[in-house]
Amino acid sequence: MTPAVASRRLSLVAGLLGAAAAPACSRREPPPPPPAAVPAPAEAPGGGAPSPVVSRVERDGLSIAFELRPLPGAGDRPAARTDATAVFTITDAVTGAPARDLGPLAWMSRRAGAPPDEAGCQEKIKSFMAGLIAVHPDVDMNAYLLWTQNQDNTLSVINPQLAFTRSKLRNIVTLAAGSTSLALHPDGDRLYATLQSGRGLAIVDTRRGLVAANVPVGAEPMRVAVAPDGRTVWVGNDGDGTVSVIDARAASVLKTLRAGPGHHEIAFSGGGRTAWITSRDASTVTAVDTGTLEPVAEIEVGEGAAAVAASDSAGAVYVANEARGEVVIIDAERRAVAGRAPVKAGVSAVQFAPGGRFAFALNPAKGEVSILDASVGAVAHTLAGFASPDAITFTKTYAYVRNLGESRVSLVELPSLERPGKPAVIEVQVGQQAPRAAKGAGSAAPFAVVPEGNGAIIASPADKVLYYYVEGMMAPLGTLSNYGREPRAAFIEDRSLKEVQPGVYATTVQLGDEGVHDVELLIRGRRVAACLEATVAPSAVPAEDRSPGLTVEPLFDAGVDLEVSKPATLRFRAKPKASAPPLEAKEMKVMIFRFPVGFRDTVLPRAEADGVFSVTFTPPEPGQYRLLLEAESRKAPRGALPYVDLHVGSPGAAPDAGGGQ
């Protein structure tokens, strides 16, 4: 979000708050019965259910209750530095009826003195809404993060909500190899990436921003898809004609299915009970029971199947046959071909719009988009004038179609599909260069629909930036830097409050320091602002047990410039805790990277005498670098230990380090 956008947003919030009455003081009461859709408090050791303190207020005809609930297995009270479920229960103060579709925003901030008055509460909310880095909450219940798949072996994590800051880059996740396809778990806490060079499937912990596991699968894994229930992950292995089915929690392969040669695409129907697998070089589509992981049907569609999509409302599975120039319509219940809709040869993508009635089939070779009406099983509209349309996503109002050959995005108005005549199409100029100018850009999904559902963040690999577009505008509203990397795909990890049950809004949060916290709530549509409170208990784990199990002391002068292309030996002393066994070099990894973007290398240190270790670093170019040490076996994952800044000057500009750095 640009500063101008943040300013407009702040003005809007000021108007909302200006119209709201003073926040009421909260009172603490026993909690209501926990909603079924939200984790209930864990059972107390004595057998009874604990009663976490609930904060309540009544505002403008609404009864608002807030509580923190421990995650299952976390004990009876939410403790500092742990995850918990934050729950707002909002009802009509008179009737008790659930207050639906409110879209609340909320934060937590540690209380430093007396409870905030009206002005203090409103000022906090204004500051949080503006994204001011100088005034930030301890817990943000509205956050969403933008993830990008880059042309190298990294994923960028960007906070698009921050304003007035130098950098929105939150993290860089380094994979074992370049990635080909991404899929986010429904819970949002894991990301799955298929890797090149035989490196299998990477499982990324999105909360910690690191690779949690690498799972070996078949040869040349390409497409990855998560089953709707989140229990299994499906990987199409294009090199050996198989599909690997992985247990999402255990990160292990449950079964390897034979699927036929060529590229595979995967879709789910029947609420996720059936998986449909295509193989480009085979003549059949395979239907698999996701419960038993056994194939239940093979449907003849002819060679050339390039894409598959399923619609439960239509009871159909659509297969785009690129070679034959048709969309094969399969009856999902009978598992038989119900019809064939002729299009043109070259159709390579198909996807259903929200509601499941209309399916869009993209033909990059012919520059066309065919729109099929599932109610009649035929093409309803054929739109021309595209420049190699190759990727599509949807909001409630528009279909976003990328033109690989031009720097524009075509928006097809969805309501116009049901009206007589040609559907309405809006052309939006996005970027300076066509996506095709970036090598390999055509294999990814460049659209990330924003949580509000009225726009998208669009990855432009050739421009190396991300464009923020809001519907109703004729051009993007702003840009987000990807810090020199080419963003191939983008998606949003939404960590905001969700209505999990009528009138119940919840999200998982990571708690801050122990103590009393103010809970700031804004209900935009009702112009209601309220301040509640919550208490975070001390952590059950002593502070010394939460700290890294070793200390690191640099033995080189970080203030001395290193020189480009000249090897420098960087020594450091790493000491384990007094009662721990001696540290070995194989337990550690050292990452050296150019900040904020560029060179990145991870090496194992060499052991020297008396707990001293060293690495040799040959700087490839001038700039600012960072040295970061990790030792998972000693409770020091990446980021737990402080980094050391390194500065590299041009050749001849630095004094002779003599290898003794």
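Residues numbered from 1 in each chain as written. Predicted model: local features only at pLDDT ≥ 70, side-chain atom pairs only at ≥ 80, totals over all residues. Heavy atoms only, no water.

1. Quick look at the overall build of the protein chain
Item 1. Regarding its fold elements, the protein chain presents 3 helices and 51 strands.
Item 2. Put simply, of all contacts in the protein chain between residues at least 6 apart along the chain, 54% involve residues at least 24 apart.
Item 3. As displayed, the protein chain has an accessible area near 28000 Å², and 51% of this comes from carbon and sulfur atoms. (Helix = DSSP H or I, 4+ residues; strand = E, 2+ residues; numbered from the N terminus. Contact = heavy atoms within 4.5 Å. Areas by Shrake-Rupley, 256 points an atom, 1.4 Å probe, with all protein chains shown as cover.)

2. Details of the sheet that holds strand E46 (residues 589-594)
Item 1. Within the open sheet, the 5 strands sit side by side as E44-E51-E50-E46-E47. Their pairing is mixed. Only two strands of the sheet have a single partner each, and these edge strands are strand E44 (562-563) and strand E47 (600-603).
Item 2. Taken together, the 6 bridges between E46 and strand E50 (residues 623-630) define a ladder with antiparallel strand orientation. Bridging from a neighbouring strand, Lys589 pairs with Glu630 of E50. (Pairing = 2+ DSSP bridges.)

3. Observations regarding the state of the cysteines
Item 1. Summed over all chains, the structure comprises 1 disulfide.
Item 2. Here Cys121 is linked by a disulfide to Cys531, with a sulfur-sulfur distance of 1.9 Å. Judged by the sign of its S-S torsion, about 110 degrees, the bond between Cys121 and Cys531 is right-handed. Of this pair, Cys121 sits in helix H2 (residues 118-130) while Cys531 sits in strand E42 (residues 528-536), and the two are 410 residues apart along the sequence. We note that Cys121, like Cys531, is buried. (Disulfide = S-S within 2.5 Å. Buried < 20%, exposed > 50% of the residue type's maximum accessible area, 1.4 Å probe, protein only.)

4. Side note on unusual backbone geometry
Item 1. The residue Glu220 is not glycine, and still its phi comes out positive at about 50 degrees.
Item 2. Structurally, Glu220 is set in the loop between strand E13 (210-215) and strand E14 (221-226).
Item 3. For Ser388, which is not glycine, the phi torsion reads 55 degrees and is therefore positive.
Item 4. In this structure, Ser388 sits in the loop between strand E29 (378-383) and strand E30 (389-394).

5. As for the environment of Met129
Item 1. By secondary structure assignment, the location of Met129 is in helix H2.
Item 2. Considering only alpha carbons, one finds Met129 and Asn142, 13 residues apart in sequence, at a separation of 9.7 Å.

6. A closer look at the packing of aromatic side chains
Item 1. Scanning the model with the defined rule gives 12 aromatic pairs in all.
Item 2. Seen in terms of ring centroids, Tyr400 and Phe447 are 6.1 Å apart; in terms of plane orientation they differ by 65 degrees. Their pairing is edge-to-face. Here Tyr400 is found in strand E31 (residues 398-403), whereas its partner Phe447 is found in strand E34 (residues 447-449), with 47 residues between them in sequence.
Item 3. For Tyr400, a relative accessible area of 0% puts it in the buried group.
Item 4. Judged by centre distance (6.2 Å) and plane angle (75 degrees), the rings of Tyr400 and Tyr469 are edge-to-face. Of the two residues, Tyr400 sits in strand E31 while Tyr469 sits in strand E36 (residues 465-470), which places them 69 residues apart along the sequence.
Item 5. These aromatic residues form a ring-pair network of at least three members: Tyr400, Phe447 and Tyr469. (Phe/Tyr/Trp six-rings, centres within 6.5 Å; stacked < 30°, edge-to-face > 60°.)

7. Brief notes about the side chain of Ser614
Item 1. Inspection of the secondary structure assignment puts Ser614 in strand E49 (residues 612-617).
Item 2. A relative accessible area of 0% places Ser614 in the buried class.
Item 3. A distance of 2.8 Å separates the side chain of Ser614 from the side chain of Glu608, its partner in a polar contact. (Polar contact = N/O pair within 3.5 Å; in protein donor to acceptor, adjacent residues only side chain to side chain.)

8. Examining the environment of Gly200
Item 1. Mapped onto the secondary structure, Gly200 falls in the loop between strand E11 (190-195) and strand E12 (201-205).
Item 2. Linking Gly200 and Val215, residues 15 residues apart in sequence, is a C-alpha distance of 5.7 Å.
Item 3. Ignoring anything within four residues of it in the chain, the contact list for Gly200 reads Ala193, Thr194, Leu195, Val215, Val217 and Pro221.

9. Things to note about the environment of Arg334
Item 1. As for its position among the elements, Arg334 is in the loop between strand E24 (326-331) and strand E25 (336-342).
Item 2. Residues Arg334 and Gly315, spaced 19 residues apart in sequence, show a C-alpha to C-alpha distance of 9.7 Å.

10. Some thoughts on the nonpolar core
Item 1. Counting residues in each nonpolar core, the largest one holds 28 residues, and the members touching the most others are Ile64, Phe66, Phe88 and Met141.
Item 2. Every element with two or more residues in this core is listed here: strand E3 (62-70), strand E4 (83-92), strand E5 (105-110), strand E40 (504-510), strand E41 (515-523) and E42.
Item 3. Counting residues per element, this core draws most heavily on E42, at 5 residues.
Item 4. Excluding anything up to four places from it in sequence, Ile64 contacts Ser55, Arg56, Val57, Arg59, Phe88, Thr89, Ile90, Leu521, Ile523, Ala530 and Leu532.
Item 5. Within the second largest apolar cluster, 25 residues are counted, among which are Phe556, Phe572, Val590 and Ile592. (Core = buried A, V, L, I, M, F, W, Y, C linked by side-chain atoms within 4.5 Å.)

11. Considerations on the sheet that holds strand E37 (residues 478-481)
Item 1. If you trace the 4 strands from one edge of the open sheet to the other, you get E34-E35-E36-E37, paired in antiparallel fashion. Strands at the two margins of the open sheet, each flanked by one partner only, are E34 and E37. Shown here is a sheet whose adjacent strand axes are inclined to one another by a mean of 25 degrees, direction ignored. (Axes fitted to C-alpha atoms, helices over the stretch in contact; angles between N-to-C directions.)

12. Details of the confidence of the model for the protein chain
Detailed conclusions should not be drawn from predicted coordinates in areas where pLDDT is low.
Item 1. Overall, the predicted model of the protein chain reaches an average pLDDT of 85, with 86% of residues at or above 70.
Item 2. Ignoring residues within four places in sequence, the model shows residues 1-37, a span with pLDDT below 50, making 89 contacts including any to other chains.
Item 3. Overall, residues 654-661 carries pLDDT values under 50, and its contacts beyond four positions in sequence, including any with other chains, amount to 18 contacts. (pLDDT = per-residue confidence, 0-100.)

13. Describing the pattern of salt bridges
Item 1. Summed over all chains, the structure comprises 36 salt bridges.
Item 2. Between Asp189 and Arg249 there is a salt bridge, and its shortest N-O distance comes to 3.7 Å. A residue pair is termed long-range when its members are at least 10 positions apart, and Asp189 in the loop between strand E10 (179-184) and E11 and Arg249 in the loop between strand E16 (242-247) and strand E17 (252-258) qualify at 60 residues.
Item 3. The salt bridge partner of Arg408 is Glu406, with a shortest N-O separation of 2.5 Å.
Item 4. Looking at Arg408, the relative accessible area reads 13%, which means it is buried.
Item 5. The network of salt bridges with shared partners includes Arg111, Lys124, Asp518, Glu520 and Glu533. (Salt bridge = Lys/Arg side-chain N within 4 Å of Asp/Glu carboxyl O.)

14. Details of the pairing of strand E32 (residues 408-413)
Every regular strand shows the same layout, with side chains that alternate between the two sheet faces.
Item 1. Judged by how many residues are buried, E32 sits mostly within the fold: 5 of 6 residues are covered.
Item 2. As defined by bridge partners, E31 adjoins E32 across 5 bridges and the pair is classed as antiparallel. Paired with Tyr398 across the two strands is Glu413, which belongs to E32.
Item 3. A loop of 4 residues connects E31 with E32, the two strands running antiparallel in sequence.
Item 4. Here 5 bridges tie E32 to strand E33 (residues 425-429), and the two strands are oriented antiparallel to one another. Its bridge partner being in E33, Leu411 is matched across the sheet by Ile426.

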